[in-house]
Amino acid sequence: MATEGRADAWHGPIERGPGETVKTARPAGKCFADGKSFLVTVSGIFLYALSMTTSPPLSRRRFLAGSAAMALAGCVSTPNRDPDVVDMTPLKERAQRKGLIIGAEVSAPLLTDPMFAATLTRDFEMVVPGNALKWGPLERRKKAPDFHNADAIADFATNHGMMMRGHTLLWHDMNPKWLPKHLADPRKDAAKLIRYHIQTVAGRYRGRMHSWDVVNEAIEPKDGRPDGLRNSLFLKALGPDYLALAFEAAAEADPGARLVFNEYGCEWGWDIGRQRRYATLRLLENLLSKGVPIHALGIQGHLDPGSEGSMDTRALGQFCDEAADLGLALQVTELDARDTSLRGSIETRDRLVADAYARFLDVVLARPATEAVLTWGVTDRHTWLTGHFPRPDGGIVRGLPYDADYRRKPAWYALAAALDAAPLRPGK
Ligand code: XIL
């Protein structure tokens, strides 16, 4: 159960350096793709390709059938397998057609890389800072917050007409070193400090955030509490009341933002997954019944296709439905799929990663309450997975839509196909 206890796997920030580069050969002269048009010289493939461009949406079955046809015809000879879906319409156009939002996690330095910026703005219409808004990176020195990275991301979003999510106001991890001591000190007012932090950070970006992960990963059944709450530094200081306090402070600071409760492990098939879902739903039900302003449930979606039992699509679907019944919107906030424990060739692993995307997205996007999908990064060149879930062979982890050389991978095509297959959001 490699994913269980995942929160123990990292200890504070790891700076993501440039990843390794995987060199792959392009197929010689059989497939050409330029934007939305294409030229395919294999006749069988031509017919398939034609049908793809004339009759959207693309179902997953058709996507897979198409892949098989392409592979059989020998058109696809690289690990990248482009183009599986011949229509190269950017992901954001596919999402917009369905009234959905597609976004990606970024860091400020990456936005100055022209290749990264071009890829990001072509496919995505929302950004979320991976670390820049976490309390630790923001306020290493007490009372001296440093917003320059978060501001750079917000400015990039504004300049490129993109939306932004905030991640995250309260998390048990990546906090300033001085914080636990301060919160534990009975002479200090913990509630006041937490409220002040939230008001300062959410207030700074008032009117600019589509949504905020107000509280991240507050559930941990293994901590042994009957309510399944994580015994975090916030809980130790204030008890479960810290949750209502956080959402209320965020609502005051940025009344226009959608306020999100963000969790991981929502799709796990193991018993701990069931416990996590149960605790999350009961907590949300309770908070909402007291009028606490929570608008959406964030489903992180860090998938682990190499780990048996890591995804129970039926349980995930039911969880989504129950959250929607509480009146909550749903967002996929951190999608990626590690290939850490997958064996086989790169091509095989990429297929399995794409299949995990497809299985997960099919369930979540079928729910009308789902409003956004964000991947946790864009390219395997810059992914937290390689550092946090290293492959035994030391290679980069290939969990994102683009490979380290910015080529679309099967995961990109799976995302494209899932967006195409998603029903139109109600009212859009
Ligand atoms: C990760 C970042 O991507 C890494 O750079 C950092 O070292 C650790 O945190 N769930 C979350 C995110 O909610 O904040 C985490 O981000 C990934 C898991």
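Residues numbered from 1 in each chain as written. Predicted model: local features only at pLDDT ≥ 70, side-chain atom pairs only at ≥ 80, totals over all residues.

Caption draft 1: Fine view of the overall build of the chain. Per the secondary structure count, the chain includes 15 helices and 11 strands. Put simply, the chain has 428 residues, and 50% of those count as buried. (Helix = DSSP H or I, 4+ residues; strand = E, 2+ residues; numbered from the N terminus. Buried ≥ 20, exposed ≤ 12 C-beta atoms within 10 Å, placed from the backbone.)

Caption draft 2: View of the nonpolar core. Of all hydrophobic cores here, the largest spans 115 residues; its most connected members are V214, A246, A250, Y357 and A418. Residues in contact with A250, not counting those within four places in the same chain, are L169, I198, A202, W212, V214 and L259. (Core = buried A, V, L, I, M, F, W, Y, C linked by C-beta atoms within 7 Å. Contact = placed C-beta atoms within 7 Å.)

Caption draft 3: Quick peek at unusual backbone geometry. Cis geometry is found at the peptide bond from H167 to T168, where omega equals -5°. By the secondary structure assignment, T168 is in strand β5 (residues 163-171). At M174, a residue that is not glycine, the phi angle is positive and equals roughly 50°. Of note, M174 is situated in the loop between β5 and α7 (179-184). A tally of 17 C-beta atoms within 10 Å means that M174 is categorised as partly exposed. Its identity is not glycine, yet E217 carries a phi of approximately 60°, on the positive side. Looking at where E217 falls in the secondary structure, it is placed in the loop between β6 (211-216) and α9 (233-238).

Caption draft 4: A look at the environment of D312. Among the secondary structure elements, D312 is positioned in the loop between β9 (302-303) and α12 (313-325). Overall, the presence of 19 C-beta atoms within 10 Å leaves D312 in the partly exposed class. With 39 residues separating them along the chain, D312 and G273 place their C-alpha atoms 9.1 Å apart. What D312 contacts, discounting residues up to four positions off in sequence, is E267, W268, G269 and G273.

Caption draft 5: Examining the environment of D405 more closely. Mapped onto the elements of the fold, D405 is located in the loop between α14 (384-388) and α15 (410-421). Accessibility expressed as a C-beta count within 10 Å gives 14 for D405, which makes it partly exposed.

Caption draft 6: View of the environment of K134. Checked against the element boundaries, K134 lands in the loop between β4 (126-129) and α5 (135-138). A C-alpha to C-alpha distance of 7.7 Å links K134 and L170, two positions 36 residues apart in sequence. Ignoring sequence-local partners within four residues, the contact set of K134 consists of T168, W171 and M174.

Caption draft 7: Region of interest: the packing of α12 against helix α13 (residues 346-365). α13 packs onto α12 with a crossing angle of 25° between their chain directions and a minimal axis gap of 9 Å. Between α12 and α13, the angle is such that the two are roughly parallel. Taken as a pair, α12 and α13 cross one another with a handedness that is right-handed. Of the residues in α13, those touching α12 at T313, L316, G317 and C320 are R359, V363 and V364. Residue composition of the contact of α12 with α13, grouped by class: four nonpolar, two polar and one charged. (Axes fitted to C-alpha atoms, helices over the stretch in contact; angles between N-to-C directions. Parallel < 35°, antiparallel > 145°, perpendicular 65-115°, else oblique. Left-handed = near helix turned anticlockwise from the far one by under 90°. Nonpolar A, V, L, I, M, F, W, Y, C, P; charged D, E, K, R; others polar.)

Caption draft 8: Quick peek at the packing of α13 against α15. Remark: α13 packs on α15, axes separated minimally by 8 Å, with the N-to-C direction vectors making an angle of 20°. Judged by the angle between their axes, α13 and α15 are roughly parallel. Classified by chirality, the crossing of α15 by α13 is right-handed. Of the residues in α15, those in contact with D350, R351, V353, A354, Y357, A358, L361, D362 and L365 of α13 are P410, A411, Y413, A414, L415, A417 and A418.

Caption draft 9: Summary view of the pairing of β4. The side-chain alternation of β4 yields two buried faces, one formed by M126 and V128 and the other by V127 and P129. Taken together, the four bridges between strand β3 (residues 101-106) and β4 define a ladder with parallel strand orientation. Bridge pairing links A104 to V127 in β4. Considered for its hand, the β-α-β crossover made up of β3, helix α4 (residues 114-123) and β4 is right-handed. (Pairing = 2+ DSSP bridges. Right-handed = clockwise from strand over helix to strand, strands pointing away.)

Caption draft 10: Helix α6 (residues 148-159), seen in detail. Compared with the 16 Å implied by 1.5 Å per residue over 12 residues, the 16 Å span of α6 between its first and last C-alpha is a close match. Among the residues of α6, A150, I153, A154, F156 and A157 are the ones counted as buried. Take α6 and look down its axis: the buried residues cluster within an arc of 155°, on one side only. Every exposed residue of α6 that faces more than 90 degrees away from the buried side is listed here: H148, T158 and N159. Buried residues along α6 sit against β3, β4 and β5. (Expected span 1.5 Å × (residues − 1). Arc of directions from axis to C-beta.)

Caption draft 11: Spatial organisation of the confidence of the model for the chain. Taken over all residues, the pLDDT of the chain has a mean of 85, while the share at 70 or more is 80%. Overall, residues 1-83 carries pLDDT values under 50, and its contacts beyond four positions in sequence, including any with other chains, amount to 127 contacts. (pLDDT = per-residue confidence, 0-100.)

Caption draft 12: Expanded view of helix α8 (residues 190-204). A rise of 1.5 Å per residue sets the reference length of α8, with its 15 residues, at 21 Å; its end C-alpha atoms lie 21 Å apart and thus fit the reference within 8%. Taken together, the buried positions of α8 are occupied by A190, I194, H197, I198, V201 and A202. Mapping the buried residues of α8 onto a view down its axis gives an arc of 105°, with all of them on the same face.

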